Amino acid sequence: MGKYFGTDGFRGKANEGLTALHAYEIGRFLGWYYGREKRARIVLGKDTRRSSYMLEYALSAGAVASGADVYLLHVTTTPSVSYVARTEEFDCGVMISASHNPFDDNGIKLLNRSGEKLEDETISRIEAYLDRPEGEELPLAVEERIGRIVDHTAGRNRYMGYLLSLGVYSFEGKKIALDCANGSAWNIAPHIFEALGAQTFVINARPDGLNINRDAGSTHIEGLRRYVVEHHLDVGFAYDGDADRCLAVDEAGNLVDGDQILYIYGCYLKERDKLVNDTVVTTVMSNLGLYRAFDEAGIRYVKTAVGDKYVYEEMVRAGYSIGGEQSGHIILSQYARTGDGILTSIKLMEVMLAKKAPLSKLAAPVRIYPQVLLNVRVRDKALARADSDVQEAVRMAEQALGDGGRILVRESGTEPLIRVMVEAQQEERCRELARQVAAVLERKGHCL
């Protein structure tokens, strides 16, 4: 991770950690970098945060000033930017979003021409430009070389057509809830499910610039759980702010998280001889219950660092067909280069319809271990994690858990947090051990 860009782009509080000037200068660099031999073409989308408009216009102005043409998808999802970038031969894609974070945060996600996260080498060049010596500027385009800003709603519509083409079964007769998190999915997901024949029940689809992710979506799944039960629905799907995640709720109101989704779709692929090397890519945060279910199903697994970036890199390295995170980032390499929440929900429906089974039955073999995650806000993530007393507290917890659980302490890739995760057979035991490590962080003065 660099000074500005983490595992999921440049994140910060709007106009504090991430300003309009940052966006303008990133646009200036992208327009110049991809336009050294020809006029650069950049596709740009945004989520529903109030500050997304400011960052969209600022980045566009910078890119156009460097001679690029910028194509605006307007409010759309991160996976749609990825799709348009790779299918319409753009030089790069930009998504203005802080994903699942509160409305006052925002972010800039950068994608290459293949719809993948931008290469580290290019990110390093951008960071070097942001920290350049005073007076060092890129040339401004003049006369006919000045770029244009183009409305490209058609690109988003083509993406929606692509999603529709992947629905191999009619959803007619199915009652489906969609929690759009007052974010990017609000004007896409309902249209897709209705076009596929579902009777849709849509919540949190009235964005006002301030309510994205507020008590809604995949980070606040309890509302959808109640809604599915109260309305006697077949299934519910919850997205995050930019709709690259999906969590599900079964007909009884039980959460079906990313680990269970990996199991359900991984088994479906294996049964059809389409699971490459009989392997699913997971992260170190995946639940022990998932691995035991995979063992029983004869499915192998690989563990990566946390972050869909690392999951995708491993999938590309070995050609794997599915990978993802407990949080609901699911990557299906046959169809997409990023996590895509709406695509994930379409494919979960496919499994339910193909196997004529409710989601609860499909998820039942995964017996989730109790897991407690404490997010500890710290001044310096690396310093806190390297503290010898903190490391000793982790070792003592590992000894106490033995083979009956595990502890994982890591730095957040997007926030000033140390994440302390403990799994064990009893939830209270998880809480006790997680609190012990958090207490050491507090006692040593690392906490904010």
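Here the structure is shown first, and the text comes after it.
These notes cover the structure that comes with them. (Residues numbered from 1 in each chain as written. Predicted model: local features only at pLDDT ≥ 70, side-chain atom pairs only at ≥ 80, totals over all residues. Heavy atoms only, no water.)

Once that is clear, we can look at helix 14 (residues 388-401). Note on helix geometry: an α-helix contains 3.6 residues per turn, so any two residues three or four positions apart are oriented the same way. Over its 14 residues, helix 14 runs 20 Å from end to end, which matches the ideal 20 Å to within 8%, given 1.5 Å per residue. Listed in full, the buried residues belonging to helix 14 are Val390, Ala393, Val394, Ala397 and Leu401. Seen along its axis, helix 14 keeps its buried residues to an arc of 100°; they face one direction. Away from its buried face by more than 90 degrees, helix 14 exposes Ser388, Met396 and Gln399. Looking at the buried positions of helix 14, the neighbouring elements they touch are helix 13 (381-386), strand 18 (406-411), strand 19 (417-423) and helix 15 (427-443). Looking at where helix 14 begins, the residue whose side-chain oxygen comes 2.8 Å from the main-chain nitrogen of aspartate 389 is aspartate 387. One or two residues past the end of helix 14 sits glycine 402, with phi positive at roughly 60°. (Helix = DSSP H or I, 4+ residues; strand = E, 2+ residues; numbered from the N terminus. Expected span 1.5 Å × (residues − 1). Buried < 20%, exposed > 50% of the residue type's maximum accessible area, 1.4 Å probe, protein only. Arc of directions from axis to C-beta. Contact = heavy atoms within 4.5 Å. Polar contact = N/O pair within 3.5 Å; in protein donor to acceptor, adjacent residues only side chain to side chain.)

All right, on to the packing of aromatic side chains then. A complete count under the given rule lists 16 aromatic pairs for this structure. Ring centres of phenylalanine 5 and phenylalanine 10 lie 5.5 Å apart, and the angle between their planes is 65°; on these two criteria the pair is classed as edge-to-face. Since its relative accessible area comes to 2%, phenylalanine 10 is described here as buried. Pairing phenylalanine 193 with phenylalanine 237 gives two aromatic rings, centres 5.9 Å apart and planes at 40°, and the pair type is tilted. Taken as a pair, phenylalanine 193 in helix 6 (residues 189-195) and phenylalanine 237 in strand 10 (residues 235-239) lie far apart in primary sequence, 44 residues in all. No difference in accessibility class separates phenylalanine 193 from phenylalanine 237, as the two residues are buried. One aromatic cluster is present, formed by Phe29, Trp32, Tyr33, Tyr34 and Tyr129 through successive ring pairs. Residue placement shows arginine 41 over the ring face of phenylalanine 90; its charged tip is 4.1 Å from the ring centre. (Phe/Tyr/Trp six-rings, centres within 6.5 Å; stacked < 30°, edge-to-face > 60°. Lys NZ or Arg CZ within 6 Å of the ring centre and 35° of its normal.)

What follows is about the pairing of strand 6 (residues 105-112). Burial of strand 6 is extensive: eight of the eight residues sit out of reach of the surface. Pairing analysis gives four bridges linking strand 2 (residues 9-13) to strand 6, with the strands arranged antiparallel. Across the sheet, the residue bridging to lysine 13 is aspartate 105, located in strand 6. The pairing of strand 5 (residues 92-96) with strand 6 spans five bridges and is classified as antiparallel. Following the sheet pairing, methionine 95 is matched in strand 6 by lysine 109. (Pairing = 2+ DSSP bridges.)

Turning our attention to the environment of aspartate 179. You can see aspartate 179 is positioned in strand 8 (residues 175-179). Residue classification places aspartate 179 among the buried residues on the basis of a relative accessible area of 0%. Along the backbone, aspartate 179 and alanine 238 are 59 residues apart, and their C-alpha atoms lie at a distance of 4.6 Å.

Another aspect to go through is a nonpolar patch on the surface. A contiguous nonpolar surface patch, about 290 Å² in accessible area, is contributed by Leu21, Tyr24 and Leu140. For leucine 21, a relative accessible area of 54% corresponds to the exposed category. (Patch = residues over 30% accessible without salt bridge, like charges linked within 9 Å, V, L, I, M, F, W, Y side chains within 5 Å. Areas by Shrake-Rupley, 256 points an atom, 1.4 Å probe, with all protein chains shown as cover. Salt bridge = Lys/Arg side-chain N within 4 Å of Asp/Glu carboxyl O.)

Roughly 1,500 Å³ of internal volume is contained in the largest pocket. Forming the walls of the largest pocket are 49 residues, and the residues nearest its centre are Arg245, Met285, Gln326, Ser327 and Leu373. Put simply, the parts of the chain that give the lining of the largest pocket at least two residues each are helix 7 (222-230), helix 10 (308-318), strand 17 (371-377), strand 18, strand 19 and helix 15. Here the lining of the largest pocket gets four residues from one element, more than from any other, and that element is strand 17. The residue inventory of the lining of the largest pocket, partitioned by class, reads 13 nonpolar, 19 polar and 17 charged. Computed from the structure, the second largest pocket encloses a volume of approximately 450 Å³. Along its surface, the second largest pocket is lined by 20 residues, and Arg11, Gly12, Thr414, Glu415 and Pro416 are the ones closest to its centre. Looking at the lining of the second largest pocket, the elements with two or more residues in it are strand 1 (5-6) and strand 2. In terms of residue count, the dominant contributor to the lining of the second largest pocket is strand 2 (five residues). Of the residues belonging to the lining of the second largest pocket, the class tally is five nonpolar, eight polar and seven charged. (1 Å grid on protein atoms, 1.4 Å probe; cavity = no way out; pocket = protein on both sides within 12 Å on 5 of 7 lines; lining within 4 Å. Points joined across faces, edges and corners; volume = space filled by probe spheres on them. Nonpolar A, V, L, I, M, F, W, Y, C, P; charged D, E, K, R; others polar.)

So, on to the nonpolar core. Counting 67 residues, the largest nonpolar core has Phe193, Phe237 and Tyr239 as the members making the most contacts within it. One finds Phe29, Leu44, Ala58 and Val70 within the second-largest nonpolar core, a separate group that totals 32 residues. (Core = buried A, V, L, I, M, F, W, Y, C linked by side-chain atoms within 4.5 Å.)

With that settled, consider the packing of helix 1 (residues 20-33) against helix 4 (residues 120-130). Relative to each other, helix 1 and helix 4 sit at 125°, their axes nearing to 10 Å. Looking at the two axes, helix 1 sits oblique to helix 4. The interaxial crossing formed by helix 1 with helix 4 has right-handed handedness. In this structure, helix 1 contributes His22, Glu25, Ile26, Arg28, Phe29, Leu30 and Tyr33 to the contact, and helix 4 contributes Thr122, Arg125, Ile126, Tyr129 and Leu130. When grouped by side-chain class, the residues that make up the contact of helix 1 with helix 4 number seven nonpolar, two polar and three charged. (Axes fitted to C-alpha atoms, helices over the stretch in contact; angles between N-to-C directions. Parallel < 35°, antiparallel > 145°, perpendicular 65-115°, else oblique. Left-handed = near helix turned anticlockwise from the far one by under 90°.)

Another aspect to go through is the sheet that holds strand 10. Overall, mixed pairing links the five strands, which are arranged 9-8-10-11-12 in an open sheet. The outermost strands of the open sheet, each flanked by one partner alone, are strand 9 (199-203) and strand 12 (255-256). Direction of pairing for strand 8 relative to strand 10: parallel, over a ladder of four bridges. Its bridge partner being in strand 10, aspartate 179 is matched across the sheet by alanine 238.

Purely geometric numbers; function is a separate question.
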